[in-house]
Amino acid sequence: MKLIQSILAVLFMILATSCNDMNEDGDNQSGDEKPKTYGSAAEAAEAGKADMLKAMENGVNFGVDRAKLQSSTPGQPIAKQSVDFGALLQADSAISLDRIATGEPVTAVPFIIGPEIVSIVTLRNEGAQFAVGALGDLQLSTELNTVSQATGGAAQGKVIIYEVPNLNAIVYAVGDTAGAVYYTSYNNMSPRQPLRAPELMRLLQADAQNFQKQFGDQLPKGKLVR
């Protein structure tokens, strides 16, 4: 049953994204539909929350209590960015993840009740506007909540989420660039345990180099993500 509910949640996220790609008036005859966009991240996140609540009425399980989600409010938007894998291979331990981040950040909005992070909605940036992307990423919301508890709520302020391709690692940087502290569940680490940049970079680079040795010849044929 849990497997079926998880599959339904994934299918709904895909469906919600497709639905938000249509014009509000439902006119999709032109073949050039634009996504439904909102002027602020909070507005777009509230639309995503409404989609989640509607899906939960139909039995979709996002791993969150419906009453809590309904009572929650959007928190501070969080930038979610990918790390350049090639740059990671060449980096030294003195560098930080923000120096080797690549591409335009995605915006993630946590839904909160006091200090608790209940769930999260990821948005797509459409110029100066926002559109609903993924709904209810359970790993992100659970780990962000843990990091928030470990930092006394600091993760609801200045935080950036980094994804490291090929290593399947998600890292949470809390604080300003110069003094950022990192948290991750990667490699069975506790997301409550703070890491400084040199320690984190040594770990990620060592694993990236091992990955490159094993699968590097496949990378030029296409992006390989483990």
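Residues numbered from 1 in each chain as written. Predicted model: local features only at pLDDT ≥ 70, side-chain atom pairs only at ≥ 80, totals over all residues. Heavy atoms only, no water.

Asker: Just checking my understanding: could you explain the environment of serine 40 for this structure?
Answerer: With respect to the secondary-structure elements, serine 40 resides in the loop between α1 (2-20) and α2 (41-57). The partly exposed category is assigned to serine 40, whose relative accessible area is 25%. Along the backbone, serine 40 and alanine 131 are 91 residues apart, and their C-alpha atoms lie at a distance of 9.4 Å. One polar contact links the side chain of serine 40 to the main-chain amide nitrogen of glutamate 43, over a distance of 3.2 Å. (Helix = DSSP H or I, 4+ residues; strand = E, 2+ residues; numbered from the N terminus. Buried < 20%, exposed > 50% of the residue type's maximum accessible area, 1.4 Å probe, protein only. Polar contact = N/O pair within 3.5 Å; in protein donor to acceptor, adjacent residues only side chain to side chain.)

Asker: Help me understand the packing of aromatic side chains in this model?
Answerer: Aromatic rings considered in pairs are described by the distance between their centres and by the relative angle of their planes. By the definition in use, this model includes two aromatic pairs. The interplanar angle of 80° and the centroid separation of 5.7 Å between the aromatic rings of phenylalanine 85 and phenylalanine 211 together place this pair among those described as edge-to-face. Of this pair, phenylalanine 85 sits in helix α4 (residues 85-90) while phenylalanine 211 sits in helix α6 (residues 197-215), placing them 126 residues apart in sequence. The burial state of phenylalanine 85 is the same as that of phenylalanine 211; both residues are buried. Residue phenylalanine 211 is classed as buried on the basis of its relative accessible area, which comes to 2%. Of the aromatic side chains, those joined through ring pairs into one cluster are Phe85, Phe211 and Phe215. Directly above the ring of tyrosine 38 sits lysine 36, whose terminal nitrogen or CZ lies 5.2 Å from the centroid. (Phe/Tyr/Trp six-rings, centres within 6.5 Å; stacked < 30°, edge-to-face > 60°. Lys NZ or Arg CZ within 6 Å of the ring centre and 35° of its normal.)

Asker: Can you walk me through the side chain of lysine 49 in this structure?
Answerer: Position of lysine 49 among the secondary structure elements: in helix α2. Within the local environment of lysine 49, its side chain forms a polar contact with the backbone oxygen of glutamine 70, the two atoms lying 3.1 Å apart. When sequence neighbours within four positions are dropped, the list of residues in contact with lysine 49 reads Leu69, Gln70, Ser72, Phe111 and Val121. (Contact = heavy atoms within 4.5 Å.)

Asker: Just checking my understanding: could you explain the pattern of salt bridges for this structure?
Answerer: Once their charged atoms are close, side chains differing in charge can pair, the charge on each being opposite to the other. Under the counting rule described, the total for this entry stands at four salt bridges. Between lysine 68 and glutamate 116 there is a salt bridge, with its nearest N and O atoms 3.0 Å apart. On the criterion of sequence distance, the pair formed by lysine 68 in helix α3 (residues 66-71) and glutamate 116 in strand β4 (residues 116-126) is long-range, its members being 48 residues apart. Classification of lysine 68 by relative accessible area gives partly exposed; the value is 36%. We classify glutamate 116 as partly exposed; its relative accessible area is 28%. (Salt bridge = Lys/Arg side-chain N within 4 Å of Asp/Glu carboxyl O.)

Asker: Would you mind going over α6 with me for this structure?
Answerer: In an α-helix, one full turn covers 3.6 residues, which means residues spaced three or four apart are oriented alike. Over its 19 residues, α6 extends 26 Å from the first C-alpha to the last, a length consistent with the 27 Å expected when each residue adds 1.5 Å. Among all positions of α6, only Ala197, Leu200, Met201, Leu204, Gln205, Ala208 and Phe211 are buried. Down the axis of α6, the smallest arc covering the buried residues is 125°, so these residues share one side. In α6, the exposed residues that point more than 90 degrees away from the buried face are Lys213 and Gln214. Looking at the buried positions of α6, the neighbouring elements they touch are α4, β6 (159-164), β7 (169-174) and β8 (181-184). (Expected span 1.5 Å × (residues − 1). Arc of directions from axis to C-beta.)

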